[in-house]
Amino acid sequence: MQKSTSILMLLFLIGISACETFLVMELPPHEPKFVINTSLEVGKPIRVFVSKSRSVLQDNHFERVSDASVEIMVDGQISYPLYSEEVLNNGTKMLAYTTTEVEIEVGRTYEIIVSGEGMQTARGKTTVPTPVEIKSVDLRSAPRNNRYGYVDFSVIFDDSQGSDFYEITVLQRGTLETIDGIDPERFIINQLVNLEPRNSIYENDFRYRTGLLFDDGLFDGREAKMEFGGVLYADIDLEITVFLKVVTSDYFNYENSLNLQETNRGDPIAQPVQVINNIQGGFGIIKAAVTSSYTLPFNNSIE
Amino acid sequence: MVRLCLSVISLLFIYLHIYMIRIIFTLIFVLAFTVSYAQKVTLSGTVKDRENGETLIGVNIFDRIQQKVSITNNYGFYSYTRPQGEVEMVFSYVGYEPFVFKTYLEKDTTIVVQLIPSHLLKEVVVEGDRQELLQENTQMGSINVPLRQIKDMPALMGEVDVLKVLQLLPGVQSGTEGASGLYVRGGGPDQNLILLDGVPVYNATHLFGFFSVFNADALNNVELIKGGFPARYGGRLSSVIDITMKEGNMKEFHGEGSIGLIASKLTLEGPIVKDKTSFLLSGRRTYLDLLARPFIKNQSDGQDDVGYYFYDLNAKVNHIFDDNNRLYLSFYGGDDKAYSRSQYTGNFNGIETKSREEFGLGWGNVITGARWNHIFNNKLFANFAATYTNYHFRLFSEDESTSIYNGDRVDDFFKADYRSGIRDYALKADFDYIPSSAHYIRFGANHINHRFTPGVLTATERSDIFDMFGGEESYSQEYSAYAEDDIQVGDKLKLNLGLHYSGFLVDGEHYKSLQPRVAGRYLIDETSSVKGSFATMAQFIHLLTNAGLGLPTDLWVPSTGRIGPQQSWQASLGYYKSLKGGFEWSVEGYYKAMDGLIEYKDGASYLNMVENWEDKVEVGRGRSYGLEMFVQKKIGKTTGWLGYTLSRTERQFENINFNEWFPFRYDRTHDVSFTLSHHLSDKIHLSGTWVYGSGNAISIPTEIYQGETALDFGYEGQQVDYYESRNNFRMRAYHRLDLGVSFIKQKRWGERTWNISVYNAYNRMNPFYLDFARNQDTGQKSLVQYTLFPVLPSFSYGFKF
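This structure is a prediction, so every number in the text was calculated from the model and none was measured. (Residues numbered from 1 in each chain as written. Chains lettered and ligands numbered in written order. Predicted model: local features only at pLDDT ≥ 70, side-chain atom pairs only at ≥ 80, totals over all residues. Heavy atoms only, no water.)

**Q** Could you clarify how one ought to interpret the sheet that holds strand E6 (residues 99-105) of chain B in this entry?
**A** Within a beta sheet, neighbouring strands are joined by backbone hydrogen bonds and run either parallel or antiparallel to one another. Residue and element names in this part refer to chain B. With antiparallel pairing, the 4 strands of this open sheet are ordered in space as E3-E2-E5-E6. Every interior strand has two partners, whereas the edge strands, strand E3 (68-71) and E6, have only one. Within this sheet the neighbouring strands show an average axis-to-axis angle of 25°, counted without direction. For strand E2 (residues 60-63) and strand E5 (residues 85-92), the ladder comprises 4 bridges, and the chain directions are antiparallel. Residue phenylalanine 62 lies in a different strand from E5, and its bridge partner there is valine 90. (Pairing = 2+ DSSP bridges. Helix = DSSP H or I, 4+ residues; strand = E, 2+ residues; numbered from the N terminus. Axes fitted to C-alpha atoms, helices over the stretch in contact; angles between N-to-C directions.)

Given below as structure tokens:
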């Protein structure tokens, strides 16, 4: 009896100790591919950032590529080479491929082709959309109790037929005088405004840019009235500029999917997010946009 | 009661759908009038087990002279009409001695047949007894697994599991390791209509999916239908799992039970009034919490208590009023509870504190049904049922504290309570009309009043209920009516033609669906046939599920104005043959298309309880096609089967995977199952199962690259994870061998059985989930597979008296 009890105890111990073991899995071998990132915008210089992809098992120190052959083809007819040089981006020096021979124009199709020794050629193209002018901008101040105040914006423009995608940003400029101690101080205001849409359909929690990115699903082919709010400096003369950027569908989908993936990183319960990629033979995004603007003076004060 | 009245009113509303009803009943009358009434007599009655009085479902009744076959229905009733004259009827059923009935029939006759159980049938079927074998009936994709065979299987932790046995059948796939979820021909777990005594069970799992709620000791019959659905079934796209509880022994008092590693169970049954009224009572409970409690209390100075348990209780009473009237009352109740409680009393810096924290997680089903069988005459049988089912889930956290400092008292209380569930009241009427041996007509109607609670979170601070999030309770009405006929056309051809009409009323929407069903069998010779079927199905409810584990957090939600019903059609074709020695084999091909499927959007998380579920899902479609081969031996000392499925299952959603088709998570190219049970002697039974399945498809990023958005800001480290597609990566293939041996001994008081099982006998490291991990020493990142159950021996002690 004692023997059989011992056997049963042994079986029980094996049973309970059997839980959760692990095994390292192999992934398919990784071959680096070119990563092309650029946003082609009318009136802005061409800057193409080229790097290489890495295995998911490596760290994210992305290798800058300076020796690739990069060209830009306009409307599938004429090709121009791009040269690598250090450019200044928001105070940071970055390696990019540029050219002064090509200016981005509305309606044209641009293809970026990147090739290099031992690497698969990567290419992607985009067509620059047609600009849309802002018809009017209306601002209304809300009650407040400090030197900042909430302002309601109403921006009207005409949407064209077919699927269109937009980004609205607002810039406030002005001079702020404060008295700190005895001497007055002057501050130059040159800030993008954080915007909150009135219609919840345009809300998205994962977007970290200041502007609004939206499609024309609710007003396709008609006059659009976008209402949103933002916080402006109060009781000083400001110059408000509203930028209406018409962007490509790839631009729109890339921004949304990338930001959503970023927000969910590390959440094991969340569904995976695939980021849109319009590069053949590689990764990245070629975005295009054209911007119109509307500037008006505004003093955020309550009558 | 109010709900019941609503149900009745809504049922009346159904009958206003005159147009559809007219079609259905016209079909019945057209079929009925094809019947010849010349000098026919009807033999009818019920078939029971002689030992315990249990009715026997699916008994074959073979007319040796006319060479025709009839069958008992789910209540053991049969009716067979033939010309006057000599008859020689053979009643046969697997596991019972055949009964031969010879007489001269000159008028309608009713006989109650009692078959004698036979522990071991001879290897060769009695010559001339042509049972209704696999090739005979029109039903495709239907498998009836004898309970005896289910109980013979090796068991995980000593617990025999009906759903796990069904997972071993071709066309049926399990989800992840150990889980009881069923994926039938590419469908999701919500697409299985699991019926316990005719009542739907919405969450059929215990212990986070590792065990099903069905206690094998309390069951009488298990049938799986995965294609070629007869018109009497509706409401789900992929399968019907029809489980019937035992009725309770009408002759004498008996009991059986077992004591296992994690649970014990006891079933008692017997007559209340002999041959008139019987009862069955069966209970099961796990006791890990009871065993662990003293240790936990000891470790925490009696202040902490953590535990988990599940229990279930089956009860049934049936009463025979007379030969034509019988009433069944059945009940199932089961709950899972996980809890953590701690309390603290002490004094810190002069502050006297008393606090209590409690966290809990619980889910369960309550199911009740009242069914009344009525035999109007020897050709018309009816069953009327009123049923109630309630699945509830609750997750709560509660903190309470009292602090006293310098005589000042501060009380604090916070509670967060999340609840979800589904509750149904239903009324149902089913009729079997058997006008001749060439027709078996079934018709009926059904109405369900649903209440959905799709995740309501309530937070309470002190005594104020300050917020409620998530979905609101919603009510809906579902109804259906059907008619079908099994028609014998000549000697070789048999057809099953049917129509199922259903509707769903929710939020001012009225969804309707007419579903034609056709199945046919052509006998090639006495032992083989070909069968084909076509069925359309509609499903008005959805299950929101993340991991597909059958977790209790899965949400049942109705079709709404925004999210429509699920629909499918399925076509199948197969060849069936019976061989000598009790062997049967079949090969079936199928194609199934599904529409209106829901899936969480990219980035959506079911833990986001604030967002409405409709905003978190995408609606799309799916398809599945494959070939299933099955060889089975049901009788003799050695029984078992070999099943193989070759299949592909895919999904497509507009905003997932860029609108491209992608493999379903449980798409398995190859799926093999082999089961064997051998009775070495009356005292020793051996069993084994071996399963193999291609790896599950999951989403894993394989590369990373630099993102564009942050370049504007001068930041170069933004990372994009590249997923080649949704479910782009295959886990390792799954295979496993389970072995079991039972030692049976007759005792003065009855019978005892020692069962020893080994789960995963050769210790295969099967995948449970995959994740990226970093080695703490080298810093190297790797993809790691976690395994839940390596080799897992278990034992149980069973008894019968």
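**Q** What am I meant to see in the interface of chain A and chain B here?
**A** Accessible area lost during the coming together of the parts is what is often quoted as the interface size. Taken together, the contact pairs 63 residues of chain A with 60 residues of chain B. Between chain A and chain B the total buried area reaches about 5,600 Å² when both faces are included, carbon and sulfur atoms providing 59% of it. Taken together, the links from chain A to chain B amount to 3 salt bridges. As a salt-bridge pair, lysine 33 of chain A and glutamate 703 of chain B come within 3.3 Å of each other at their nearest N and O atoms. Our count for the contact surface shared by chain A and chain B stands at 20 residue pairs in polar contact (both at pLDDT 80 or more). When residues of the side of chain A that touches chain B are traced back to their parent elements, those giving at least two are helix H1 (2-17), strand E1 (21-25), strand E2 (34-41), strand E3 (49-52), strand E4 (54-55), strand E7 (92-98), helix H2 (249-264) and strand E18 (283-299) of chain A. The element that contributes the greatest number of residues to the side of chain A that touches chain B is H2 of chain A, accounting for 7 residues. (Contact = heavy atoms within 4.5 Å. Buried area = accessible area lost by both parts, 1.4 Å probe. Salt bridge = Lys/Arg side-chain N within 4 Å of Asp/Glu carboxyl O. Polar contact = N/O pair within 3.5 Å; in protein donor to acceptor, adjacent residues only side chain to side chain.)

**Q** Help me understand empty space enclosed by the protein, please; the structure alone is not making it clear to me.
**A** All names here are of chain B. Under the criterion given, the structure shown has 8 cavities of 30 Å³ or more. The space that makes up the largest cavity amounts to roughly 480 Å³. Of all the secondary structure elements, the ones that give two or more residues to the lining of the largest cavity are helix H4 (162-166), strand E10 (172-174), strand E39 (670-679), strand E40 (684-693) and strand E45 (734-747). A class-by-class count of the residues in the lining of the largest cavity yields 17 nonpolar, 12 polar and 9 charged. Its volume calculated, the second largest cavity comes out at about 390 Å³. Listing elements by their share of the lining of the second largest cavity, those giving two or more residues are strand E12 (192-196), strand E13 (199-200), strand E24 (380-405), strand E25 (408-436), strand E26 (439-461), strand E28 (474-489) and strand E29 (493-506). Here the lining of the second largest cavity gets 5 residues from one element, more than from any other, and that element is E25. Classifying every residue of the lining of the second largest cavity gives 14 nonpolar, 11 polar and 6 charged. (1 Å grid on protein atoms, 1.4 Å probe; cavity = no way out; pocket = protein on both sides within 12 Å on 5 of 7 lines; lining within 4 Å. Points joined across faces, edges and corners; volume = space filled by probe spheres on them. Nonpolar A, V, L, I, M, F, W, Y, C, P; charged D, E, K, R; others polar.)

**Q** I'm lost on the environment of glutamate 660 of chain B in this one. Help?
**A** Residue and element names in this part refer to chain B. Mapped onto the secondary structure, glutamate 660 falls in the loop between strand E37 (638-653) and strand E38 (662-663). Exposure remark for glutamate 660: the relative accessible area of 51% places this residue in the exposed category. In this structure, the C-alpha to C-alpha distance between glutamate 660 and glutamate 650, residues 10 residues apart in sequence, is 9.9 Å. Residues in contact with glutamate 660, not counting those within four places in the same chain, are Arg651 and Gln652. (Buried < 20%, exposed > 50% of the residue type's maximum accessible area, 1.4 Å probe, protein only.)

**Q** Sorry if this is basic, but what is going on with H2 of chain A here?
**A** Turn by turn, an α-helix covers 3.6 residues, leaving residues three or four places apart pointing in a common direction. All names here are of chain A. Between its first and last C-alpha atoms H2 spans 23 Å; for 16 residues at 1.5 Å apiece the expected length is 22 Å, and the two agree. For H2, the complete set of buried residues consists of Tyr251, Phe252, Tyr254, Glu255, Asn256, Ser257, Leu258, Asn259, Leu260, Gln261 and Asn264. Count one or two residues on from H2 and you reach glycine 266, which has phi positive near 90°. (Expected span 1.5 Å × (residues − 1).)

**Q** Sorry, what's going on with a nonpolar patch on the surface here?
**A** On the surface, Leu579, Phe583, Val631, Leu642, Phe674 and Leu676 of chain B cluster together to form a nonpolar patch covering roughly 460 Å² of accessible area. A relative accessible area of 38% places leucine 676 of chain B in the partly exposed class. (Patch = residues over 30% accessible without salt bridge, like charges linked within 9 Å, V, L, I, M, F, W, Y side chains within 5 Å. Areas by Shrake-Rupley, 256 points an atom, 1.4 Å probe, with all protein chains shown as cover.)

**Q** Quick question: what am I supposed to make of the sheet that holds strand E9 (residues 119-127) of chain A here?
**A** Residue and element names in this part refer to chain A. The sheet built from 5 strands is open, its strands ordered E7-E6-E5-E8-E9 with antiparallel pairing. The open sheet has two free edges, formed respectively by E7 and E9, since each of these has just one partner strand. On average, each strand axis in the sheet is inclined to that of its neighbour by 25°, with strand direction left out of account. Two elements, strand E8 (residues 109-116) and E9, share 7 bridges in a ladder whose sense is antiparallel. What sits directly across from glycine 116, in E9, is methionine 119.

**Q** Could you clarify how one ought to interpret the confidence of the model for chain A in this entry?
**A** Should the pLDDT be low somewhere, the predicted coordinates at that spot are not to be read in detail. Here chain A averages 87 in pLDDT, and 89% of its residues register 70 or above. Note on residues 14-20 of chain A: pLDDT under 50 across the span, and 13 contacts to partners over four residues away in sequence or across chains. (pLDDT = per-residue confidence, 0-100.)

**Q** Is there a simple way to think about a positive patch on the surface in this case?
**A** A grouping of Lys683, Lys745, Lys747 and Arg748 of chain B is seen on the molecular surface, where their side chains present a positively charged patch. Here arginine 748 of chain B shows up in the loop between E45 and strand E46 (750-759). (Lys, Arg positive; Asp, Glu negative; His and termini not counted. Charge placed at Lys NZ, Arg CZ, Asp CG, Glu CD.)

**Q** Any chance you could explain the packing of aromatic side chains here in plain terms?
**A** Geometrically, a pair of aromatic rings is defined through the distance of the ring centres and the angle of the planes. Per the counting criterion, the structure on display carries 47 aromatic pairs over all chains. Relative to tyrosine 233 of chain A, the ring of tyrosine 148 of chain A lies with its centre 5.1 Å away and its plane at 50°, an arrangement referred to as tilted. One end of the pair, tyrosine 148 of chain A, is in strand E11 (residues 148-158); the other, tyrosine 233 of chain A, is in strand E16 (residues 223-233), with 85 residues separating them in the sequence. The interplanar angle of 20° and the centroid separation of 4.9 Å between the aromatic rings of phenylalanine 77 of chain B and phenylalanine 381 of chain B together place this pair among those described as stacked. Separated by 304 residues along the polypeptide, phenylalanine 77 of chain B in strand E4 (residues 77-83) and phenylalanine 381 of chain B in strand E24 bring together distant segments of the chain. Across the pair, phenylalanine 381 of chain B and phenylalanine 77 of chain B agree in class, each one buried. Taken together through their ring pairs, the aromatic side chains of Phe253, Phe279, Trp754, Phe795, Tyr797, Phe799 and Phe801 of chain B make up a single cluster. Looking at arginine 341 of chain B, its charged tip hangs above the ring of tyrosine 339 of chain B, at a distance of 4.4 Å from the centre. (Phe/Tyr/Trp six-rings, centres within 6.5 Å; stacked < 30°, edge-to-face > 60°. Lys NZ or Arg CZ within 6 Å of the ring centre and 35° of its normal.)

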